[in-house]
Structure formats: C-alpha cells, structure tokens
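Commentary on secondary and tertiary structure
Below, each chain spelled out in residue letters.
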Amino acid sequence: MSETASPSLASISLANRAAIEDAAELIRKAKHAVVLTGAGISTPSGIPDFRSEGSGLWSRDEPLEVASLTVFRTAPERFFGWFRPLAGQIFYARPNAAHQALAQLEDAGYVKTVITQNIDALHQKAGSNCVVETHGTMQTLTCTRCYQKFDSEPFFKSFIDDGEIPTCSRCGGILKPDVILFGEQLPHAAWVQALRAARQCDLILVAGSSLEVLPVAGLPMQAIDHGAHLIVINNTPTYVNVRADIVIMENVASILPEIAKRVHHG
C-alpha cells in the first residue's frame, strides 16, 4: 500500500481549521507533550480496527472464542486461523500521513512519547523513537515452551502465505506473537512507562482511539488530574471529550499533518 497523503485543507471545515490552529498553538507551548494512539491511526494504512460498527473485527468474531489466552493454549490453530488475515494486513502495511506527522513532531522536540494501543509498529516505521506499546507488538514471537524470543519477520511470510504455524527452531514449541490477548496482563514495564508519561506530561493528544479499552483508556484522565491539557482527534466521541481543550472529530490522517505543519511554521 502506498503512503497516504494528507488531503487538501479545502476538505476541512472552518470550525476544524480553527481547532487545528489552536491545537498547534497548544503543542508549541507544551514543555512535555505525549500522544496516545489507537486503531484509528492505522485504519488509513489498511489495518482494520476491532470495534467499529459493521467493519470492526469484533462485529464478525467473538473475541473470547478466537483471541483469548485460553484459546491460544487449548486450540492454537483456531487463534492462528483467525489471526492470519490480520497478520497479513499488518505485515504489508506502511505508515500513513498521521504516523509521519507524529514522527516529525517528535524529531522537532515537540512530542516526548507516543503511547500506542496498536501492535503494528507503524510508529517506529515512520521514524518515532520513543514508542510505548501497551498492548504488545507483532514484531517479536516468544516460544511457549522454552521462552526463547524471535524476530517475527522470518516466520510471518510462510505463515501468511501458507498458514504455517510458527514453531521454535530450538525446541519445536509453538511461537506466540508478543501481542496481548484477552485474559492476559499488559506488559508491566510498558504500562509503568505509559502511566509515568501520562502523569508527567503537560499536554496529552489522543489520536484515533475511542478510549474504550481499560486500563489504557484511563490515561488521559491521569494526565488531566495532574494538570495537563487534552486534545482529542477521533472520528467518534470519547468519554473525555467533555474534559478536552480541543476536540476534532475527523480522520487523524487528514488532521495531524495539518497540525504538524502549523507547529513547524507557526
């Protein structure tokens, strides 16, 4: 998939143009801005989200029957059968204009940390360096028997193309993608890092997350309670909209590049 270009400003409403200016001003003034991203930042790269009405993965499958730790342990072939098309979409996806805008803002010193619920590593591929992956990553696999960790790339091609379940070259155990399944704890170090970032920031920007999955959904309130400003950019309402300084209900791939442009040239 080609990288998604930012649409022209003409397609953005006057109210949102004003909000873009205000958001850029808040980011410019912030000493310690962090960003929290969800599935909505990766859908323009062709990766389906989980909860959208009709198109989300959970509108087709019951998560506990395909993507739980119990299913993985008792019927791994069921998990891998469900995971295979999604793995293909993630494996071949490219960062879009929203990922690139955040990487540019980090590079220029405006964004200190990107906290993401996504497992696709598109932030890193776009050039972001300080990324906290609260729901794990598809970049690595861990053996369920000997706990050896592997880079996923050599295994995923044959898995995506032929359905070959990845197994450990050392002991033959099944390799589990290092993504958080239902019934699994969040990675402790990542969660501590995310919580610290939220509590220490003076601005938190929520981009492409409906904030429906706890505990990550609680991070914006942690930030607000410690005195931070809040910007929300998401297609649908979130529970923190009422507390936000700025809300832009639009596609993040349209809005974030416009904000970044104004931050840089403000």
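Residues numbered from 1 in each chain as written. Predicted model: local features only at pLDDT ≥ 70, side-chain atom pairs only at ≥ 80, totals over all residues. Heavy atoms only, no water.

1. Things to note about the overall build of the protein
Helices and strands together make up the secondary structure of the protein, namely 10 helices and nine strands. For 266 residues, the compact-globule estimate of 2.2 N^0.38 gives 18 Å, and the C-alpha radius of gyration of the protein, at 19 Å, lies within 12% of that figure. The principal-axis extent of the C-alpha atoms belonging to the protein is close to 55 × 35 × 35 Å. Sorting the 266 residues of the protein into buried and exposed places 51% on the buried side. (Helix = DSSP H or I, 4+ residues; strand = E, 2+ residues; numbered from the N terminus. Rg over C-alpha atoms; globule rule 2.2 N^0.38 Å. Buried < 20%, exposed > 50% of the residue type's maximum accessible area, 1.4 Å probe, protein only.)

2. Remarks on the sheet that holds strand S4 (residues 136–143)
Across the sheet, which stays open at both edges, the three strands sit in the order S5-S4-S6 with antiparallel pairing between neighbours. In this open sheet, the two strands that pair with only one neighbour each are strand S5 (149–151) and strand S6 (175–179). On average, adjacent strands in this sheet sit at an angle of 40° to one another, irrespective of strand direction. Pairing of S4 with S6, which is carried by four bridges, proceeds in the antiparallel orientation. Within S6, the position partnered with Leu141 by the bridge is Pro177. Most of the contacts of helix H7 (residues 153–162) go to S5, to which it runs at about 70°, and overall it touches S4, S5 and S6. (Pairing = 2+ DSSP bridges. Axes fitted to C-alpha atoms, helices over the stretch in contact; angles between N-to-C directions. Contact = heavy atoms within 4.5 Å.)

3. Quick notes on the packing of helix H4 (residues 76–92) against H7
At a closest axis distance of 9 Å, the pairing of H4 and H7 adopts a crossing angle of 120°. The angle between H4 and H7 falls in the class oblique. For H4 against H7, the interelement crossing comes out left-handed. Across from Phe80, Phe83, Arg84, Ala87, Gly88, Phe91 and Tyr92 in H4, the residues of H7 making contact are Glu153, Phe156, Lys157, Phe159, Ile160, Asp161 and Asp162. Broken down by class, the residue content of the contact of H4 with H7 amounts to eight nonpolar, one polar and five charged. (Parallel < 35°, antiparallel > 145°, perpendicular 65-115°, else oblique. Left-handed = near helix turned anticlockwise from the far one by under 90°. Nonpolar A, V, L, I, M, F, W, Y, C, P; charged D, E, K, R; others polar.)

4. Some words on the packing of aromatic side chains
With the rule as written, the count across this model stands at 13 aromatic pairs. An angle of 20° between the planes, with centres 5.1 Å apart, marks the rings of Phe79 and Phe83 as stacked. On the criterion of helical spacing, the pair formed by Phe79 and Phe83 is a turn pair, its members being four residues apart in helix H4. By relative accessible area, Phe79 is classed as buried at 1%. For Phe83, a relative accessible area of 1% puts it in the buried group. Aromatic rings pair up to connect Phe72, Phe79, Phe80, Trp82, Phe83, Phe91, Tyr92, Phe156 and Phe159 into one cluster. (Phe/Tyr/Trp six-rings, centres within 6.5 Å; stacked < 30°, edge-to-face > 60°.)

5. A short note on the pattern of salt bridges
Going through the model one piece at a time under the given rule, you end up with eight salt bridges. A salt bridge links Lys157 to Asp161; its shortest N-O distance comes to 2.6 Å. Linking Lys157 with Asp161, this pair stays in helix H7, spanning four residues, or about one helical turn. If you follow the salt bridges from partner to partner, you end up with Glu21, Glu258, Lys261 and Arg262 in one network. (Salt bridge = Lys/Arg side-chain N within 4 Å of Asp/Glu carboxyl O.)

6. Quick word on the environment of Thr236
Along the chain, Thr236 turns up in the loop between strand S8 (229–233) and strand S9 (246–248). Counting along the chain gives 27 residues from Thr236 to Ser209, while the straight-line C-alpha distance between them is 8.7 Å. Not counting the four nearest positions on each side in its chain, Thr236 is found in contact with Ser210 and Met249.

7. What about helix H8 (residues 188–200)?
Here H8 contains 13 residues, and its C-alpha end-to-end distance of 18 Å stays within 8% of the 18 Å for a straight helix at 1.5 Å per residue. Of the positions making up H8, those classed as buried are Ala190, Ala194, Leu195, Ala197 and Ala198. All buried residues of H8 project into a common sector of 160° when viewed along the axis, lining one side. Summarising the geometry of H8, the exposed residues directed more than 90 degrees from the buried face are His188, Ala189 and Gln200. Of the surrounding secondary structure, the elements contacted by the buried residues of H8 are strand S1 (33–37), strand S2 (111–116), strand S3 (131–133) and helix H9 (219–225). (Expected span 1.5 Å × (residues − 1). Arc of directions from axis to C-beta.)

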